[in-house]
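Fold and contact review
Residues per chain are reported as follows:
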Amino acid sequence: MDELTVGDIMQTEVITVRPSTTVRELANILAERSISGLPVVDDEDRVVGMVSEADIIVQDAELHFPYYIPLLDSVIYLQSFHKFEERLHKMFGSQVQEIMSKEVMAISPEASVRDAATLMTDREINRLPVVADGKLVGIVTRHDIVRAIAETTA
């Protein structure tokens, strides 16, 4: 039997949002559809980001200033100040473009399911947009991979 590809198991009806979608609209979409995240696409269906429940709930979480040590006339941060700035920016974002992750890992429909599983595990991500010729053609989630494993071992 040939190895399964991402194209064999991906979902082709993908719920997406635009960068200008409000955070409130996004929260409604995620809640109504019972999904935890989705791709952000531009007018040409190119993936420009990913957004998830985690990006929304940060707005309701406490913000902790990173620990630091004052040394002479400078400050040495003991935690990432960049992550603090990123979280601060997300806390006050009102549109998806202000809270989405811009570094998107995508995969080709021709890639093997094993490649998708490895990428998800190594990068600790739950979903991968499937892109062909620069455009979104589907999405593959951890659940899709688990379902494919269950079907091939049955």
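Summary of the structure given here.

Conventions adopted
- Residues numbered from 1 in each chain as written.
- Predicted model: local features only at pLDDT ≥ 70, side-chain atom pairs only at ≥ 80, totals over all residues.
- Heavy atoms only, no water.
- Helix = DSSP H or I, 4+ residues; strand = E, 2+ residues; numbered from the N terminus.
- Polar contact = N/O pair within 3.5 Å; in protein donor to acceptor, adjacent residues only side chain to side chain.
- Contact = heavy atoms within 4.5 Å.
- Salt bridge = Lys/Arg side-chain N within 4 Å of Asp/Glu carboxyl O.
- Buried < 20%, exposed > 50% of the residue type's maximum accessible area, 1.4 Å probe, protein only.
- Arc of directions from axis to C-beta.

1. Section: the side chain of D42
- With respect to the helices and strands, D42 occurs in the loop between β1 (37–41) and β2 (47–52).
- Within the local environment of D42, its side chain forms a polar contact with the side chain of R46, the two groups lying 2.8 Å apart.
- Residues in contact with D42, not counting those within four places in the same chain, are R18 and V48.

2. Thoughts on the pattern of salt bridges
- A complete count under the given rule lists 5 salt bridges for this structure.
- For D42, the salt bridge is made with R46, and the minimal N-O distance between the two is 2.8 Å.
- Residue classification places R46 among the partly exposed residues on the basis of a relative accessible area of 42%.
- For the salt bridge of E44 with R46, the shortest nitrogen-to-oxygen distance reads 3.0 Å.
- If you follow the salt bridges from partner to partner, you end up with D42, E44 and R46 in one network.

3. Remarks on helix α6 (residues 113–123)
- Taken together, the buried positions of α6 are occupied by V113, A116, L119 and M120. Along the axis of α6, the buried positions cluster into a sector of 125°, meaning they face one direction only. The outward face of α6, more than 90 degrees from its buried face, is lined by the exposed residues R114, T121 and D122.
- In this structure, the buried residues of α6 make contact with α1 (6–9), β5 (127–132), β6 (135–141) and α7 (142–153).
- Just beyond α6, the residue with positive phi is E124, at close to 55°.

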